[in-house]
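Below, each chain spelled out in residue letters.
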Amino acid sequence: MERLRFCSFLFTLALSEFVCPAALVCSIGINYGQIANNLPSPDNVVPLVKSIGATKLKLYDADPRVLRAFASTGVEFIVGLGNEYLSKMRDPDRAEAWVKSNVQPFLPATKITCITIGNEVLTFNDSTLSQSLLPAIQSVHTALVNLGLDKQISVTTAHSLSTLETSYPPSAGAFRRDLTVYLSPILAFLTKINSPFLINAYPYFAYKANPKQVPLDFVLFQANQGVVDPVSNLHYDNMLFAQIDAVYSALAALGYKKFPVQISETGWPSKGDADEAGATPDNAKKYNGNLLKLVTQKKGTPMRPSSDLNIYVFALFNENMKPGPTSERNYGLFKPDGSPAYALGIVGFDGASSSNKTSAGAGNSEDGGNSSEAPPTPSSSSTGYLSISPATVSLLLIDVFMCLSGHWNFTNLVDDRSLIQGGGGRCETRMHHQPGYFWEPGLAFFYALGLEFKNRS
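Rules and cut-offs
Residues numbered from 1 in each chain as written. Predicted model: local features only at pLDDT ≥ 70, side-chain atom pairs only at ≥ 80, totals over all residues. Heavy atoms only, no water. Pairing = 2+ DSSP bridges. Helix = DSSP H or I, 4+ residues; strand = E, 2+ residues; numbered from the N terminus. Axes fitted to C-alpha atoms, helices over the stretch in contact; angles between N-to-C directions. Contact = heavy atoms within 4.5 Å. Parallel < 35°, antiparallel > 145°, perpendicular 65-115°, else oblique. Nonpolar A, V, L, I, M, F, W, Y, C, P; charged D, E, K, R; others polar. Buried < 20%, exposed > 50% of the residue type's maximum accessible area, 1.4 Å probe, protein only. Expected span 1.5 Å × (residues − 1).

**Topic: the sheet that holds strand E11 (residues 261-266)**
Each strand in a sheet pairs with another by means of backbone hydrogen bonds, the pair being arranged parallel or else antiparallel.
Then, in step 1: Reading around the circumference, E1-E2-E3-E4-E5-E8-E11-E12 is the order of the eight strands in this closed barrel, with parallel pairing throughout. Between one strand axis and the next, the sheet turns through 25 degrees on average, direction left out of account.
Then, in step 2: As paired strands, strand E2 (residues 56-58) and strand E3 (residues 76-81) are joined by three bridges and run parallel to one another. The partner of Lys 58 across the bridge, within E3, is Ile 78.
Then, in step 3: Relative to strand E12 (residues 311-314), helix H10 (residues 281-296) is tilted by about 165 degrees, and along the sheet it contacts E11 and E12.

**Observations regarding the packing of helix H5 (residues 127-146) against helix H6 (residues 180-192)**
Then, in step 1: Running from N to C, H5 and H6 point in directions that differ by 10 degrees, and their axes come no closer than 11 Å. The orientation of H5 relative to H6 falls into the category roughly parallel. Contact residues: Ser 127, Ser 130, Gln 131, Leu 133, Leu 134, Ile 137, Gln 138 and His 141 in H5; Tyr 182, Pro 185, Ile 186, Phe 189 and Leu 190 in H6.
Then, in step 2: Here the residues of the contact of H5 with H6 sort into eight nonpolar, five polar and no charged.

**Remarks on the environment of Ala 341**
Then, in step 1: Locating Ala 341 in the fold gives a position in the loop between E12 and strand E13 (420-421).
Then, in step 2: On a C-alpha basis, the gap between Ala 341 and Phe 317 in space is 8.4 Å, while along the polypeptide they are 24 residues apart.
Then, in step 3: Discounting residues that sit within four places of it in the chain, Ala 341 has contacts with Ser 270, Asn 318, Gly 332, Leu 333, Phe 334 and Lys 335.

**Structural notes on the environment of Gly 173**
Then, in step 1: On the secondary structure map, Gly 173 appears in the loop between strand E6 (164-166) and strand E7 (174-175).
Then, in step 2: Classification of Gly 173 as buried rests on a relative accessible area of 4%.
Then, in step 3: Sequence-wise, Gly 173 and Tyr 248 are 75 residues apart; in three dimensions their C-alpha atoms are separated by 7.5 Å.
Then, in step 4: Beyond its immediate stretch of four places on either side in the chain, Gly 173 contacts Thr 166, Ala 246, Ser 249 and Ala 250.

**A few points about H10**
Then, in step 1: The terminal C-alpha atoms of H10 lie 22 Å apart, and with 16 residues this matches the ideal 22 Å at 1.5 Å per residue to within 8%.
Then, in step 2: For H10, the buried fraction is high: 12 of the 16 residues fall into the buried class.
Then, in step 3: Among all positions in H10, only Asn 283, Ala 284, Lys 285, Lys 286, Tyr 287, Asn 288, Gly 289, Asn 290, Leu 291, Leu 292, Leu 294 and Val 295 are buried.
Then, in step 4: For H10, the secondary structure elements touched by its buried residues are helix H7 (203-209), helix H8 (216-219), helix H9 (239-253), E11 and E12.
Then, in step 5: Phi turns positive one or two residues past the end of H10, at Lys 298, with a value near 60 degrees.

Spatial relationships are all this shows, so hold off on functional conclusions.
Quick look at the structure:
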């Protein structure tokens, strides 16, 4: 395999809607998933990550090949412990053995700063898994304390945005009542050990579910009139910030008004099936490019304007073995051969010519890494972490009435949210109006601020 060559990235700028310095990427993290059979070796990924100036990566396992390859690079790592290990990690001895084998040997050469215990565990509707989450977090933290690593490595878990029962308006955000029995003790422990709350948020699913009613500019951080929260009077000009603030409100409702929130996943696919509206290179470019610009402005959300945004984009590469619709295999900033999946307008990302492409693996697809055909669902990846099929996305439809002034009027709106559980993490939420009540059809797009059921590896 030829070594990835990205020297020309440093000399060629793609003319785009904006040009940002490579250092911009330093302020944002990137998820490094590996459910694919054509990715470059970790040794060959190092120069790619360096060329774009990225300094934070998040893994879904603790792949020793990756951790060895990035030794002495200064890149910060979040490593993961898969859902399939949670029941075993309830045992403190096994947890300490895991840390000794998968984390400690790579320190201090590789900068591991956090361990995530499971991914979107609470929305699998698996009581055994949910009951194992907090004990596993506690056991791994105890192991870090015993090994003298707890001051440099935090422990937490990443949640799906579908843990929210209410997401609009953002000021009324609330967690699902059936999950608070798990969330409350988890939050209490994370507060005790000073660990953040991680959430995976995808405005893309809001647009995909109802492209005729969800304004595309609102989800892509493009210029738009935005909306005003009728309770807080805060103005929102993008859906991601509204989603984040709904999480802040949900935390506050449980008594945690100053809990730090980080976005462990967000992104936009560059390709999708015929029924996957919005999955295009241009939209992916706008979403991720505008997100990068927004993060560098060093301003928080309307509800938390002074809080730094700590966001991890999904994902580094297109992953051709991910099950589900075509979009699942096309969230990458890069194709497996090292060329950009689309021009992002950032030094380091753009400017790759065909001469810079390299043979990345035995399974390279003919289209250079944009994969359409769904592979068989693998039981696990080559790196040993659980592969999870995406759950059915079912979203809450809330009718939103837009006044001519641009403010929202919710007079006579009757909210009857009833959560109907289904198989495979599926959930439906329904909204009803009392017969005879007058309502003016408007832009009903806040329905999707938070309720997505998306299990991602």
